[in-house]
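Fold and geometry: a report
As a plain string of letters, each chain reads:
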Amino acid sequence: MNLPFAAAGLIAVASLAAPAAFAEPTAKGLVRQQTPATAQETTTAPGQAAAATGQAASAPAPDTYEILGKEGKRIGEASFTASPHGVLIDITVEAGALPPGKRGLHLHEKGDCSDHGEFKKAGSHEGHGEGKHGLLNPNGPEPGDLPNLIVLSDGSAQAALFTNLVKLDQLKDGDGSALIIHAEKDDHISQPIGNAGARVACAAIK
Ligand SMILES: [Cu+2]
């Protein structure tokens, strides 16, 4: 993947007090009180670290939207999960829904799939800029660019993608946005849409 992204590794660091702190004898009550407090800190720290790791391990719930085919019938679903640096996208398309092969896949600027078979109401690519389309474009990419969707010989598709070109909040704000599947492969360099052809499926993201 040529999209640079930094995987945020959550590293739990527990600072351990020197054993000498526990072994240090003292006759003063005040210091004795401090010693258990210190001990508690050192035993709590790993617990807090574990809790923090636990929080990171429980992924936020995805937002799931139906994908409509050319006739406006549901042909699958797309799930979007916000990450700190982008969006995880999971796509499932049912068997028989699409012609096999690579199909252009983009995020478009409006969450409107109501003009079935055309899907022009979804507008241009999210963040469209003249001459900037394509993951292979030295002047690109556009924020809505994604790798092609590979449709299998039975007409089904499954994909798990990550993009750091947009955030889920951007996709869901205002008039929403749309995940569009095109009739042809996106070559990721031709303007304005990589020769990806007509729009054959649409999921409104709101
Ligand atoms: Cu498109």
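Before reading further, recall that the structure is shown in the block above.
These lines cover the structure that appears in this document, whether it is placed above or below. A quick note: this is a predicted structure, and the numbers were derived from the prediction, not measured.

Focus: the overall build of the chain
Secondary structure summary: the chain contains 3 helices and 9 strands in total. Buried residues in the chain amount to 31% of all 206 residues. Residue pairs in contact within the chain that sit at least 24 positions apart in sequence constitute 61% of those at least 6 positions apart.

Some words on the nonpolar core
Membership of the largest hydrophobic core comes to 35 residues, with the highest contact counts inside it found for Ala178, Cys202 and Ala203. With 6 residues, the single largest contributor to this core is strand S9 (residues 199-205). Those residues in contact with Cys202 that sit more than four places away from it in its chain are Leu68, Cys113, Phe119, Ala122, Ala178 and Ile180.

Examining the pairing of strand S1 (residues 63-68)
In this sheet, strand S2 (residues 74-83) lies alongside S1 in antiparallel orientation, the contact comprising 6 bridges. Each residue of the ladder has a partner; that of Thr64, found in S2, is Ser79. What sits between the antiparallel neighbours S1 and S2 is a turn of 5 residues, in which Gly72 has the positive phi angle 85°.

Quick notes on unusual backbone geometry
Residue Pro141 follows Gly140 across a cis peptide bond; omega there is -5°. Examined against the element boundaries, Pro141 turns out to sit in the loop between strand S5 (105-108) and strand S6 (149-151). Backbone torsion omega between Gln191 and Pro192 reads 0°, so that peptide bond is classified as cis. Relative to the helices and strands, Pro192 resides in the loop between strand S8 (177-182) and S9.

A short note on the pairing of S2
Two elements, S2 and strand S3 (residues 86-93), share 8 bridges in a ladder whose sense is antiparallel. Among the inter-strand pairings, Ala82 is bridged to a residue of S3, identified as Val87. Two successive antiparallel strands, S2 and S3, enclose a turn made up of 2 residues.

Thoughts on the environment of Ser124
In this structure, Ser124 sits in the loop between S5 and S6. Considering only alpha carbons, one finds Ser124 and Leu107, 17 residues apart in sequence, at a separation of 8.7 Å.

Parameters at a glance
Residues numbered from 1 in each chain as written. Predicted model: local features only at pLDDT ≥ 70, side-chain atom pairs only at ≥ 80, totals over all residues. Helix = DSSP H or I, 4+ residues; strand = E, 2+ residues; numbered from the N terminus. Buried ≥ 20, exposed ≤ 12 C-beta atoms within 10 Å, placed from the backbone. Contact = placed C-beta atoms within 7 Å. Core = buried A, V, L, I, M, F, W, Y, C linked by C-beta atoms within 7 Å. Pairing = 2+ DSSP bridges.

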